[in-house]
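# Architecture and fold: a report
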Amino acid sequence: MGDVAARSLGAATKQLACNMIRMLGFDQVDLPPEQWQDQLRGKLIELLRMPQRAGVPLVRVIEEVDCGDYTRQKVCLLATDEVIVPAYILRPKNVPPPWPVMLALAGHGPGMCLPVDLLPEGADRQRLTVEGQRDYAVQAVRQGMMAVTPELRGFGELMLPDAATKNGNTCAQLAGRYAQVGRNLLGMRVSDLVQFVDWLSVQPDVRGDAICATGNSGGGMATLFLAAVDERIRLAAPSCYFCTWADSILAMDHCACNYVADIGLYAECWDLAGLIAPRPLLIVAGETDGIFPIEGVRRAYGHLQEIYAA
């Protein structure tokens, strides 16, 4: 009986997603595309409960390392809520500034060290590679871009010091604490990233019209939400995240950092991705990805194509 009851609970939560009204879904409102985007973007920012920003943040350099064909700085940004957010910045030596920028966002795992190819002591490089982690910040700098890899809250150096880790992160405890005080973990991550964009936009060695973002899994989630919120992201390439809520987030076990209260009442994942239109958007998905099933990705992509066409 227990197994049957549990399966019925899982089916019921998935059915909630299938029955959503989506009050600001693209196909549910009679608005010009740009006006629809404005309304949904405003609602998304409200649901993410991002704190108000206060001008360009302070960024301080901690160390600098010569890596041959590029330099690597470790910096820290003082966020609006006074959290110290570390990041790596890679700058190419063989291409003169100003540079286009790639925000290379890490997913669940050791954190920002992976995109810059700094694996923690004792880490299994082959295992991490098989699981989908790549040195995409290094790849970007070797293509002539500045690469910026901030730490996302709950990962790496921004894990809670007083909370038990689950799968190498403290997302669950951090998400719960933010929910208790009217914040949202994903919203706080996006807020940090927007503040990095604020800082990048005024740097003389940066092309402010060419700030891009990519990331895998949790980094893909951060990429999509950042580009949906901030139109200064000129190109986005989220990997292994884009799917329907019904086939992924509400169909199986996912980290607590994936959830935003009430978001399903207003939009599906393809609606949020539609906020990026007409900017270039590359969706990367795995055909055998067990938590973002390819059938759901293709369904969501079909709806997204309709938004881009409009």
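These notes cover the structure that comes with them. (Residues numbered from 1 in each chain as written. Predicted model: local features only at pLDDT ≥ 70, side-chain atom pairs only at ≥ 80, totals over all residues. Heavy atoms only, no water.)

### A word on the overall build of the protein chain
Test applied: Segments assigned H or I by DSSP are reported as helices when at least four residues long, segments assigned E as strands when at least two residues long, and all are numbered from the N terminus. Radius of gyration here is computed from C-alpha atoms only, and the compact-globule reference equals 2.2 Å multiplied by the residue count raised to the power 0.38. Exposure is judged per residue with a 1.4 Å probe applied to protein chains only, and the accessible area is read against the type maximum: over 50% gives exposed, under 20% gives buried, and values in between give partly exposed. What sets the accessible areas is the Shrake-Rupley method with a 1.4 Å probe; for residues, cover comes only from the shown protein chains. Charged-residue counts in this description rest on Lys and Arg as positive and Asp and Glu as negative, His and the chain ends being excluded. Where a charge lies is defined by one atom per residue type, namely NZ (Lys), CZ (Arg), CG (Asp) and CD (Glu).
A count of helices and strands for the protein chain gives 9 helices and 7 strands. In terms of overall size, the protein chain behaves like a compact globule, its C-alpha atoms giving a radius of gyration of 19 Å where 310 residues would be expected to give roughly 19 Å. Considering only C-alpha atoms, the protein chain reaches an extent of 60 × 45 × 40 Å along its principal axes. For the protein chain, the proportion of its 310 residues judged to be buried stands at 52%. Put simply, the protein chain shows about 14400 Å² of open surface, and 53% of that area lies on carbon and sulfur atoms. Charge separation in the protein chain, taken as the distance between the mean sites of 27 positive and 35 negative side-chain charges, equals 2 Å.

### What about the sheet that holds strand β3 (residues 84-92)?
We count it as follows: At least two DSSP bridges between two strands are required for those strands to pair. In this analysis, axes come from line fits to C-alpha atoms, helices being fitted only over the stretch in contact, and the angle between any two N-to-C directions falls in the range 0 to 180 degrees.
The 7 strands are arranged β1-β2-β3-β5-β4-β6-β7 in an open sheet whose pairing can be described as mixed. Each having just a single partner strand, β1 (59-66) and β7 (233-239) make up the two edges of the open sheet. Averaged over all pairs of adjacent strands, the angle between their axes in this sheet comes to 20°, without regard to strand direction. Of the pairings in the sheet, the one linking β1 to strand β2 (residues 70-78) comprises 7 bridges and is antiparallel in character. In the strand pairing of β2, Glu 63 is matched with Lys 74.

### Regarding the pairing of β2
Taken across its 9 residues, β2 has 8 buried, putting it largely inside the fold. The antiparallel pairing of β1 with β2 creates a hairpin that spans 3 residues between the two strands, and Gly 68 there sits at a positive phi of about 90°. In this sheet, β3 lies alongside β2 in antiparallel orientation, the contact comprising 9 bridges. Counted as the bridge partner of Arg 72 is Leu 90 from β3. Counting the residues between successive antiparallel strands, the hairpin from β2 to β3 contains 5 residues, one of them, Glu 82, with a positive phi of roughly 70°.

### Quick look at the nonpolar core
What counts is decided by this rule: Working definition of a nonpolar core: buried Ala, Val, Leu, Ile, Met, Phe, Trp, Tyr and Cys residues. They are joined through side-chain atoms within 4.5 Å. Between two residues, a contact is recorded if the distance between any of their heavy atoms is within 4.5 Å.
Counting 78 residues, the largest nonpolar core has Leu 103, Phe 225 and Phe 242 as the members making the most contacts within it. Broken down by element, the residue count for this core peaks at 10 residues, all from helix α6 (residues 185-200). Excluding its chain neighbours within four sequence positions, the residues that come into contact with Phe 242 are Leu 224, Cys 269, Trp 270, Ala 273, Ile 283, Val 297, Ala 300, Tyr 301 and Leu 304.

### Here we look at the packing of helix α5 (residues 171-180) against α6
Stated formally: Note on terminology: angles under 35 degrees are roughly parallel, angles over 145 are roughly antiparallel, angles of 65 to 115 are roughly perpendicular, and the others are oblique. Under the grouping applied here, Gly and all other residues not named as nonpolar or charged are polar, the nonpolar ones being Ala, Val, Leu, Ile, Met, Phe, Trp, Tyr, Cys and Pro and the charged ones Asp, Glu, Lys and Arg.
At a minimum axis separation of 8 Å, α5 and α6 run at an interaxial angle of 95°. Our classification of the angle between α5 and α6 gives roughly perpendicular. On α6, the residues that touch Cys 171, Leu 174, Ala 175 and Tyr 178 of α5 are Leu 185, Met 188 and Arg 189. Residues of the contact of α5 with α6, tallied by class, amount to 6 nonpolar, no polar and 1 charged.

### Focus: the pairing of strand β5 (residues 146-150)
β5 sits mainly inside the fold: 5 of its 5 residues count as buried. Residues Met 146, Val 148 and Pro 150 line one face of β5 and the alternating positions Ala 147 and Thr 149 line the opposite face, and both faces are buried. Pairing geometry for β3 and β5, over 4 bridges, is antiparallel. In the strand pairing of β5, Ala 87 is matched with Pro 150. Pairing geometry for strand β4 (residues 99-105) and β5, over 3 bridges, is parallel. Counted as the bridge partner of Leu 103 is Val 148 from β5.

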